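The chain contents come next:
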Amino acid sequence: MDREEIQKHIPHRPPMLLVDEATIDPDGVAHGKYRIREDDFFTQGHFPGNPVVPGVILCEIMAQCCTMLMLDDIPGHNTFYRAIDEVKFKNTVRPGDLCEVTAVLVSKRAGLYFADARLEVGGKLCCKGKLTFALVPKAKE
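A brief report on the enclosed structure follows.

**A look at the sheet that holds strand β1 (residues 21-24)**
Working step 1: A sheet is described by the order of its strands in space; here six strands give the open sequence β1-β2-β4-β5-β6-β3, paired in antiparallel fashion. Each edge of the open sheet carries a strand with a single partner, namely β1 and β3 (77-89). Strand-to-strand twist across the sheet, computed as the mean angle between neighbouring axes with direction ignored, equals 25°.
Working step 2: Examined bridge by bridge, strand β4 (residues 98-109) and strand β5 (residues 112-121) share ten bridges and lie antiparallel to one another. Within the sheet, the bridge partner assigned to K108 lies in β5 and is Y113.
Working step 3: Contacting β2 (29-35), β3, β4, β5 and β6 (124-137), helix α2 (residues 55-66) runs over the sheet at an angle of about 60° to β6.

**Let's talk about the environment of G122**
Working step 1: Note on placement: G122 falls in the loop between β5 and β6.
Working step 2: Given a relative accessible area of 69%, G122 falls into the exposed group.
Working step 3: For G122 and F41, which are 81 residues apart along the polypeptide, the C-alpha to C-alpha distance reads 23 Å.
Working step 4: Those residues in contact with G122, other than ones at most four positions away along the chain, are L98 and E100.

**Notes on unusual backbone geometry**
Working step 1: Cis geometry is found at the peptide bond from P14 to P15, where omega equals 10°.
Working step 2: Tracing the sequence through the fold places P15 in the loop between α1 (3-6) and β1.
Working step 3: With omega at 5°, the peptide bond leading from H46 into F47 counts as cis.
Working step 4: Tracing the backbone shows F47 in the loop between β2 and α2.
Working step 5: Residue A110 is not a glycine yet carries a positive backbone phi of 50°.
Working step 6: With respect to the helices and strands, the residue A110 is situated in the loop between β4 and β5.

Quick notes on the rules
- Residues numbered from 1 in each chain as written.
- Predicted model: local features only at pLDDT ≥ 70, side-chain atom pairs only at ≥ 80, totals over all residues.
- Heavy atoms only, no water.
- Pairing = 2+ DSSP bridges.
- Helix = DSSP H or I, 4+ residues; strand = E, 2+ residues; numbered from the N terminus.
- Axes fitted to C-alpha atoms, helices over the stretch in contact; angles between N-to-C directions.
- Contact = heavy atoms within 4.5 Å.
- Buried < 20%, exposed > 50% of the residue type's maximum accessible area, 1.4 Å probe, protein only.

Printed below as a string of structure tokens:
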């Protein structure tokens, strides 16, 4: 899926759309990619002269990739974090880096989705964690 297709499934829009492309393997593993841009809003002041992607943004990149694991259940819902556990930041991510995410749905129960995700740049682990989501019905317009 490219950005246009991804936007058919999740509500995020630029500048908060943090997935450029995504695929789902037949075995249910999601893969997503996002190229960090010089003009991304989060690199503008973090840190001047030494731009570093904030950890919370790395978690959001992983989360948006995790939503690809819930595509069949998303229509009529928004995905919301319910927990972020055991997150580790291993290496710095900077503008120009291509973030590659691998996400696996570990389980789902009682409307909650539990996923493991890892974000790598050039084969080096930069961030990993366990993410929990809830699908919440969209408000009627």
